[in-house]
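# Structural features, examined
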Amino acid sequence: MTNPLPPLAFDQHHLWHPYTNVTKPGPTFVVKEAQGVYLTLDDGTEVIDAMSSWWCMMHGHRHPHITQAMHDQLDRLPHVMFGGLTHDPAIDLGLKLLEITPNSLSRIFYCDSGSVSVEVAMKMAVQYQHAMGQAGRSEFATIRSGYHGDTWKAMSVCDPDTGMHHLFQGALSVQHFVSRPPVTLAQDWPEDPEANGLAELERCLTNGCDKIAALILEPVVQGTGGMYFYHPEYLNQARQICDDLGILLIFDEIATGFGRTGQLFATDFCAVEPDIICLGKGLTGGHISFACTMTNDRVATGIGGGNPGIFMHGPTYMANPLACVAAKAALDVLTGQDWRSRVAEIATQMEQELAPARDLPNVADVRVLGAIGVIEMRHQVSADAAHARVKEMGVFLRPFGKNIYTMPPFVTSPDELSRICVGMLRLAREL
Ligand SMILES: *Cc1c(COP(=O)(O)O)cnc(C)c1O
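Residues numbered from 1 in each chain as written. Predicted model: local features only at pLDDT ≥ 70, side-chain atom pairs only at ≥ 80, totals over all residues. Heavy atoms only, no water.

### Things to note about the overall build of the protein chain
A count of helices and strands for the protein chain gives 15 helices and 16 strands. Against the compact-globule benchmark of 22 Å for 431 residues, the protein chain has a radius of gyration of 22 Å, which places it among compact chains. Viewed in the frame of its principal axes, the protein chain has a C-alpha envelope of about 60 × 55 × 45 Å. Counting contacts in the protein chain only where the partners sit at least 6 residues apart, residues at least 24 apart contribute 71% of the total. When the accessible surface of the protein chain is totalled, it reaches about 18600 Å², and 54% of it is carbon and sulfur. Of the charged side chains in the protein chain, 30 are positive and 47 negative, and the gap between their average positions amounts to 4 Å. (Helix = DSSP H or I, 4+ residues; strand = E, 2+ residues; numbered from the N terminus. Rg over C-alpha atoms; globule rule 2.2 N^0.38 Å. Contact = heavy atoms within 4.5 Å. Areas by Shrake-Rupley, 256 points an atom, 1.4 Å probe, with all protein chains shown as cover. Lys, Arg positive; Asp, Glu negative; His and termini not counted. Charge placed at Lys NZ, Arg CZ, Asp CG, Glu CD.)

Here is the structure:
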């Protein structure tokens, strides 16, 4: 079919974009190519990708080590089914993951995207409880303001207000919600369980415990649900409550993994480890969709010892070799550099350069953790209005809710980071 419309007009008439009105799409840019932190638009304008392409392009676009690994794999074995077959890319990546993730997590399930890894984690929890003779435990507890993906089960544990539960009422599983952890990462931890949120969590889990399979949450950093940083002691004590009640603990580290928070995993802020962890986004350095769910021996052997014993999930593209080599290469790039110092430098610079936003009348808060910089406004901010300024600023930012934020690629230079901060301050003044 020849295209009767100019490319952008075709896009606007026929292609859905994420969270958009298909009949009234907002300003959209055509990207021709990308290199490092830069996107080249169709008119030749270069803009900095301050979002790391939705937080996954951690080492910059087209990182030579990652693309080389993918080229080599493409010429050998782009894909093969994983049922009854295996390959070096899956095994080499597994070795690397075991080396860097929390020690107790020894069993790896590869899948296609973050949301799917959350589905897999939730199914693991239900199958584990079933195997333990607790077939009634098929529901989940979570904290408000969370985000876990857009598929049905993942959506059921997203924040019930911003996750638009009302739209899907009757179609979504009903889950158990408690307030988001009230103590921020910057505050001192109060021992009073009514003040630190744990009394509410304990009541919820105790009341529902014969129905609850697992507690699922994003550790320390809630991403899409509000860019909120909370105290890791909440997780240490939640682990104890879960253990006492036979409830599993799932950490969704899809946004927080691979150094983004200044720790390799947000779990590393804690004294405890989860039973199941979800990884995605930065796993391949943003080069191809991929994710995984990891669990400990207790859960894996529990499921294996149950009836039917097999774990009931197996996507067509499970352990896709191209994705596996991209992930292995991305993890080598990460651990082959002093990422901890790099992220600390990014944090220090963002703290200094975003600080002036505190004096603006419509700014509620400014916070930085690792390579995450947030200006929280008192009102909702329009992504379209931000996009209208992209070419002038030379920086691509896509605010969400009340937050103007950046998750810059780790390869962003001090100069480029300054341009991002200037762009964020401008949006905070003008939007
Ligand atoms: C992005 C995200 C997901 C969903 O991942 P997709 O790859 O978009 O399906 C799940 N959980 C968290 C914390 C995320 O940030």
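Structure shown, so let's carry the discussion forward.
### Remarks on helix 10 (residues 297-305)
Among the residues of helix 10, Val299, Gly302 and Ile303 are the ones counted as buried. Down the axis, helix 10 shows its buried residues gathered within 95° of arc, on one side only. (Buried < 20%, exposed > 50% of the residue type's maximum accessible area, 1.4 Å probe, protein only. Arc of directions from axis to C-beta.)

### Examining the packing of helix 5 (residues 114-131) against helix 10
The N-to-C vectors of helix 5 and helix 10 enclose an angle of 60°; their axes lie 8 Å apart at closest approach. Of the two possible hands of crossing, helix 5 and helix 10 adopt the one that is left-handed. On the side of helix 5, the interface is formed by Met124, Gln127, Tyr128 and Ala131, while helix 10 contributes Arg298, Val299, Gly302 and Ile303. (Axes fitted to C-alpha atoms, helices over the stretch in contact; angles between N-to-C directions. Left-handed = near helix turned anticlockwise from the far one by under 90°.)

### Some thoughts on the UniProt feature "modified residue: N6-(pyridoxal phosphate)lysine" (unreviewed entry) in the protein chain
The positions UniProt marks with the feature "modified residue: N6-(pyridoxal phosphate)lysine" (unreviewed entry) are Lys281. Residue position: Lys281 is located in the loop between strand 11 (276-279) and strand 12 (291-296). Note on Lys281: relative accessible area 28%, which makes it partly exposed. (UniProt positions renumbered as here; feature names shortened; annotations may be inferred.)

### Examining the side chain of His231
Along the chain, the position of His231 falls in the loop between strand 9 (228-229) and helix 9 (233-245). You can call His231 buried: its relative accessible area is 16%. Apart from residues lying up to four places away in sequence, His231 is in contact with Val183, Thr184, Leu185, Gln187 and Trp189.

### A few points about unusual backbone geometry
Geometrically, the link from Asn307 to Pro308 is a cis peptide bond, its omega value of 15° lying close to zero. With respect to the helices, strands and loops of the structure, Pro308 is situated in the loop between helix 10 and helix 11 (321-335). The phi angle at Ser52 is positive, at roughly 45°, despite the residue not being glycine. With respect to the secondary-structure elements, Ser52 resides in helix 2 (residues 52-55). Positioned with a positive phi, Trp55 is a non-glycine residue whose angle comes to about 75°.

### Considerations on the site of the ligand
Within the structure, the ligand sits among Trp55, Ser113, Gly114, Ser115, Tyr147, His148, Gly149, Glu218, Asp252, Ile254, Ala255 and Lys281. In the complex, 83% of the free accessible area of the ligand, which totals 390 Å², lies under the protein chains. A class-by-class count of the residues in the shell around the ligand yields four nonpolar, five polar and three charged. (Near = heavy atom within 4 Å. Nonpolar A, V, L, I, M, F, W, Y, C, P; charged D, E, K, R; others polar.)

### Some thoughts on the domain arrangement of the protein chain
Domain boundaries in the protein chain define domain 1 (7-60 + 338-430) and domain 2 (77-336). Relative placement of domain 1 and domain 2: their C-alpha centres are 27 Å apart. With 25 residues of domain 1 at the interface, the matching set in domain 2 holds 29 residues. Interface area, domain 1 with domain 2, both sides summed: about 2300 Å², of which 67% is carbon and sulfur. (Domains from an automatic or database assignment. Buried area = accessible area lost by both parts, 1.4 Å probe.)

### Here's the deal with the layout of surface pockets
In this model, the second largest pocket occupies a volume close to 210 Å³. Forming the boundary of the second largest pocket are Arg107, Ile108, Phe109, Met124, Thr295, Ala300, Ile303, Gly304, Gly309, Ile310 and Phe311. Listing elements by their share of the lining of the second largest pocket, those giving two or more residues are strand 4 (105-111) and helix 10. Here the residues of the lining of the second largest pocket sort into seven nonpolar, three polar and one charged. (1 Å grid on protein atoms, 1.4 Å probe; cavity = no way out; pocket = protein on both sides within 12 Å on 5 of 7 lines; lining within 4 Å. Points joined across faces, edges and corners; volume = space filled by probe spheres on them.)

### Some points on the sheet that holds strand 3 (residues 46-49)
Whether parallel or antiparallel, the strands of a sheet pair through hydrogen bonds between backbone atoms. A sheet is described by the order of its strands in space; here four strands give the open sequence 1-2-3-15, paired in mixed fashion. In this open sheet, the two strands that pair with only one neighbour each are strand 1 (31-35) and strand 15 (395-396). Two strands pair when backbone bridges link them, and strand 2 (residues 38-41) and strand 3 are joined in this way by three bridges, in the antiparallel orientation. Among the inter-strand pairings, Tyr38 is bridged to a residue of strand 3, identified as Ile48. Against the sheet, helix 15 (residues 414-430) contacts strand 2, strand 3 and strand 15, and its axis sits at roughly 90° relative to strand 3. (Pairing = 2+ DSSP bridges.)

### Considering the UniProt feature "binding site: substrate" (unreviewed entry) in the protein chain
The feature "binding site: substrate" (unreviewed entry), as given by UniProt, occupies Trp54, Tyr147, Lys281, Gly314 and Arg398 in the numbering adopted here. With the annotated positions falling across 345 residues, the maximum pairwise C-alpha distance of 34.2 Å shows that they are not confined to a single cluster. With respect to the helices and strands, the residue Gly314 is situated in the loop between helix 10 and helix 11. Structurally, the position occupied by Arg398 is in the loop between strand 15 and strand 16 (403-406). Arg398 gets classed as partly exposed once you look at its relative accessible area, which sits at 25%.

### Section: the pattern of salt bridges
A side chain of one charge can pair with a side chain of the opposite charge when the charged atoms of the two come close. If you walk through the whole model with that rule in mind, you get 17 salt bridges. Among the salt bridges present, the one from Glu194 reaches Arg203, with a minimum N-O distance of 3.1 Å. Assessed through its relative accessible area of 53%, Glu194 is described here as exposed. Here the residues in one salt-bridge network are Lys96, Glu99, Lys328 and Asp332, joined through shared partners. (Salt bridge = Lys/Arg side-chain N within 4 Å of Asp/Glu carboxyl O.)

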